[in-house]
Amino acid sequence: MKIKNLIIWSRTNLFSNWYNSLISLFCIYLIIITIPPFIDWAFVSATFEGKLKTDCKTSGACWVFVKVWFEKFMYGFYPVENIWRINLSFLILIISISLSFFVKDKFKIYILFFLIFVFPIIAFVLFHESFGMQIVERREWGGLALTFILAIFGIIFSFPLGVLLALGRRSELPIIKYFSICFIEFWRGIPLITVLFAAAVMFPLLLPADSYVDKTLRIAVGIAIFESAYIAEVIRGGLQSLPKGQYDAARSLGMGYWKMNFFIVLPQAIKTVIPGIANTFIALLKDTPLIVLVGMAEILGMINLAKANPYWLGMAVEGYVFAAAIFWVASYFLSSYSQRLEKKYSTEKK
Amino acid sequence: MQKSNFKNLLIKNFQWQNFLPQFLLLFFFFLLIFYFTTNAQVNLQARNITSGFDFLGTNSGFDVQFSLIPYDGSYSFGRAYLVGLLNTLLVSFFGIIFASILGFIIGISRLSENLLLSKLSHFYVELFRNLPLILQIFFWYFVVLRNLPTTEKSLILLDFLIINVQGFYFPKFIFTNFQFIIYGIIFAILTIFLLKYYSNKMFYNSGKYLPVFKLSLIFLILFPLVFSVLGNVGLTFEQAKLIQNFGIFNYVGGVKLVPEFLALLFALSLYTSTFIAENVRAGILSISKGQKEAAKSLGFNNSLSLKLIVIPQALRVIIPPTTNQYLNLVKNSSLAAGIGYPDLTSVFAGTSLSQTGKAIEIIFIVMMTYLSISLFISLILNWYNKKIAFISK
Amino acid sequence: MKNSMFKFFGSIALFAFLLSGTVAKAGTKEDVTKKGSVSCGVSQGVPGFSNADASGKWTGIDVDMCRAVAAAVLGDANKVKYQPLSAKDRFEVLKSGQIDMLSRNTTWTLSRDAGLGLEFVGTNFYDGQGFIVRKAAKVNTAKKLNNVKVCVETGTTTELNLRDYFKANKLKYEAVSFTKADEAVAAYDAGRCDVYTTDKSGLAAQRTKMKNPGEHTVLPETISKEPLGPVVRGNDQNWRDIAAWSLYVMIEAEELGVNSKNIDSMKSTDNPNIKRLLGLEGDTGKSLGLSNTWAYNIIKQVGNYGEVYERNVGAKTPLGLARKGSPNQLWSKGGILYAPPVR
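Residues numbered from 1 in each chain as written. Chains lettered and ligands numbered in written order. Predicted model: local features only at pLDDT ≥ 70, side-chain atom pairs only at ≥ 80, totals over all residues.

### Let's talk about the interface of chain A and chain B
Operational definition: Note on contacts: each residue gets a C-beta atom placed from the backbone, and two residues are in contact if those atoms are within 7 Å. Every helix listed is a DSSP run of H or I at least four residues long, and every strand listed is a run of E at least two residues long, numbered separately from the N terminus. Residues are grouped as follows: Ala, Val, Leu, Ile, Met, Phe, Trp, Tyr, Cys and Pro are nonpolar; Asp, Glu, Lys and Arg are charged; every other residue, Gly included, is polar.
Contact residues are listed per partner, giving 41 residues for chain A and 44 residues for chain B. Taken together, the elements giving at least two residues each to the side of chain A that touches chain B come down to helix H2 (18-44), helix H7 (174-189), helix H8 (192-202) and helix H14 (316-349) of chain A. Among the elements that line the side of chain A that touches chain B, the one with the most residues is H14 of chain A, at nine residues. Looking at the side of chain A that touches chain B residue by residue, the classes come out as 34 nonpolar, six polar and one charged.

This is the structure in structure tokens:
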């Protein structure tokens, strides 16, 4: 019975006329030449066990490569015995974010405060040095952890600056307004990689001759300023969508500029554009791997290093597929989550 | 009494509240610039690097793999800048074309009634949109193009395209008397303008409708053809030839596209096409069903309703974000630095910078160039928006 | 008012944040002693010179040079932190103070010595540029290389020498340039170009990393002089002396017949030169600001020049570079390694 239904269904939907049938046959052809070979390569014929390259005798993927280099891909050259510190900070981050969904609205602001002001300090102390634990130079941070660290810190620090810029752009004071506009359009008009090059090579020239700010910090600052321009535009959209009545009501209650913005305008505006902010964060997460081009050993850099190791020549495909899987999963889930958020908040308004 | 009056007057007239923040902003901004400049001067002097833009005239000393204009190490840095800029524009131009074509096809496919097609294009969009662009570039370059056969074992498609690990080879089109084709195109364009004018007039007068689009296409193809026959335009193909030098094989001649260019082009086109596909889909979906039904009830057939009703309105929704994507594509072309394609960033902000050490001048030039390109595209977008707005009201 | 106050304090906070990563610069030796380790700039993976294995352990001639300095200053050859650098930013990183020493098979040239504010402390490997081609190319001399594609690393003297050689011999070539040596080698291996050029030691080293090392051959011509050695900043005389003499004692030790295995038995020798080397007589360390056992530590923990050479690039290693007939031999045995007396 089921097969008969399938045949009827495909008759009407897939093969209704010659044009449709041609397209369907083409699609089926595409599926056949890509999916089964890939599944075979990645799972069926693949080698999962072993420690050496010589263990990979099959024609499939050599996941041994990924297993052996896994820690390097994830954490770079971070000393192995201290990896628990990175894991701990991410755990704290995830817990605090998940908490924000289960608590009442009025506690959410405290969690936001914690995330923006307290968490960075905790995380930094954990990563770098604390209470007699070994100091790990920022130079040694690497792998996927570095990507996530820079992306998260980028978003967190770009947020305050972005808010200021968005408000500044809508200000009536001409200098502030034009300064904000120029700042935003400048940072949005240049590619991220020029910012990274500037941070890596040019910025040391602009600091006093005797001082030295290490590269990770410079790049983090560069990313934060770059992202703030994009965040500013997103927030500006939210500010514009707010009915003028809100502004008038706040003013009529005698609120000053900052009180009005902080308590009335911004909370509503930001709530409206949470999907936009999530999208910007996802875009940032996809852009952060660019730091490999200025010599930072994040996950793509580690894969390039590993595949050049003479012992492991020819493993480029496994490495990139592994990285692709991680990024795809992260990006896909974040974007579908933000879509759900969008639906949730739009119904809430009604 | 007098004193407080005066104070009120002062405050009212000078409006400290408005004046002070702006003054402070300017003050700290210039303080920052001053701080940076003095530090830069000290640092540059300590490293024996002079400032100024005259390095643009000195020999660069390095070669690049791919250039549209003649260039090698004996040319100047200014020339290297030009090489980089042309390469950026080249890959952006073709990237935009391919991304648009792919994007439109995929976008429309997503709305198809054929379930297989719409699911497949949905899968395509989700796959290529969520992967970082740099990863896609690496994949094309290191996995796909690096594993092509070596020169002596090249793949030859249809006697036209030669594919091997050193690149793609096309025959070079060599025209004689090419100017006649140009004349033909100009003539065709003039005729099309005349046609539009005449068909508009006819439409107002009699309501009859000329198939302007189809006729224009015919003119664009026909007239250059006629002119080329009349003007005795000759076309020869120069295909790449395999030359053997002892045991070394090389293809010489023809048009060669290096793997760096191809990897960047493929990755950029695929990645950007997913965003354009989503824009197209959103645009077409935004046309409420009522529009199509009204058109049908007025007797418009499918293609006319598409052309006059759906697409113009959809375009209004599609074009602004798509122009934004074009801008992103140009900015993303700077990722060429990752695989050594000699675009502006890689040649100028990369190699030239490390050769001369003049970081500030070079970064400044590069940023200004990208800003100008961004500004130019934004201006076009604004012009288009104004034009559309006028029509709608 | 509040607007501007916010901005004012915000910028102060930003500066404080930025400055949190700053480090003051004093003499390099004092810095190193305080840090407890030597920061060494090395290559991104040249077997025999500086290469890391999967567990992160670095080996090579250049690595041993850094270890010698660490042994001299800190008494422990393992107190080194390695930073892999590309040819592009190696000098910038040294100038900015991120590393104490650059030991990255760098060629000593006039423009680099005089024009960058840096100091070359000596030569630990005398090399020359050459070419490697596939055996299947059936070419046995560089003079036959016409209309070839050559893979090369940008930003090196290699590129300039390449252009000069081909111009002088009226041969045509097309340069396929890459920013990293690894990429250039991989491209050559994949067939992207017909020839790869770099220093001959590099050719031997990179050949071990290719898919089929036996398929490739190094052409006989040496087209340039490439004295490779460590580099330090030009504004620190004491550090320069420490680095230079760490190299010299290794050469001197080989000349005196002292190595890491027999050094303890040498303590009972009558030879005053050996006694001075071991710190049993005289106070060579004092003028350098080091303890008297500085040379002893180097030889005991790292070895003399011969040991360093043989275990990293010698005839028994995959690189297989024989000392005999090359300049990298003691002057008394036909080479040009000549250390000034350690006294």
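### Describing the sheet that holds strand S1 (residues 155-157) of chain B
Residues and elements named next belong to chain B. Definition in use: Pairing between strands requires that DSSP locate at least two bridges from one strand to the other. Simply put, an axis is a line fit to the C-alpha atoms, just over the touching stretch for a helix, and the angle between two N-to-C directions goes from 0 to 180 degrees.
Strand order across the open sheet formed by four strands is S1-S2-S3-S8, with antiparallel pairing between neighbours. Each of the sheet's edge strands pairs with one partner strand only, and the pair in question is S1 and strand S8 (255-257). Each adjacent strand pair in this sheet contributes to an overall mean axis angle of 20°, direction not counted. Two strands pair when backbone bridges link them, and strand S2 (residues 161-164) and strand S3 (residues 167-170) are joined in this way by three bridges, in the antiparallel orientation.

### Points about the environment of Asn105 of chain C
Residues and elements named next belong to chain C. What counts here: Counting other C-beta atoms within 10 Å of a residue's C-beta gives its exposure: the residue is buried at 20 or more, exposed at 12 or fewer, and partly exposed in between, where C-beta atoms are placed from the backbone.
When you line up the elements, Asn105 lands in strand S5 (residues 101-107). Since 27 C-beta atoms lie within 10 Å of it, Asn105 is described here as buried. Separated by 175 residues in the primary sequence, Asn105 and Leu280 place their C-alpha atoms 34 Å from one another. With near-sequence residues (within four places) excluded, Asn105 lies in contact with Ser43, Val46, Phe49, Asp62, Phe125, Asp199, Gly202 and Leu228.

### Thoughts on the confidence of the model for chain C
It should be kept in mind that the predicted coordinates are not to be read in detail where pLDDT is low. Residue and element names in this part refer to chain C. Applied cut-off: A residue's pLDDT is the confidence the predictor assigns to it, expressed on a 0 to 100 scale.
A residue-level look at chain C finds 92% of positions with pLDDT of 70 or above and a mean pLDDT of 85. Highest mean pLDDT in chain C belongs to helix H3 (residues 61-74) (94); lowest belongs to helix H1 (residues 2-19) (49). For this predicted complex, the interface score ipTM comes out at 0.83, alongside a pTM of 0.80.

### Some words on the sheet that holds strand S12 (residues 216-218) of chain C
Residue and element names in this part refer to chain C. Strand order in the open sheet formed by five strands is S10-S9-S11-S8-S12, and the pairing between neighbours is mixed. Two strands close off the open sheet at either side, each with one partner strand: strand S10 (173-178) and S12. Between one strand and the next, the sheet's axes are offset by a mean angle of 30°, whatever the strand orientation. Here six bridges tie strand S9 (residues 148-153) to S10, and the two strands are oriented parallel to one another. By the bridge assignment for S10, Lys149 is matched with Glu174. Contacts from helix H6 (residues 157-168) reach strand S8 (129-134), S9, S10 and strand S11 (195-199), with the element oriented near 155° to S9. Across the sheet, helix H8 (residues 200-207) is in contact with S8, S11 and S12; its angle to S11 comes to roughly 125°.

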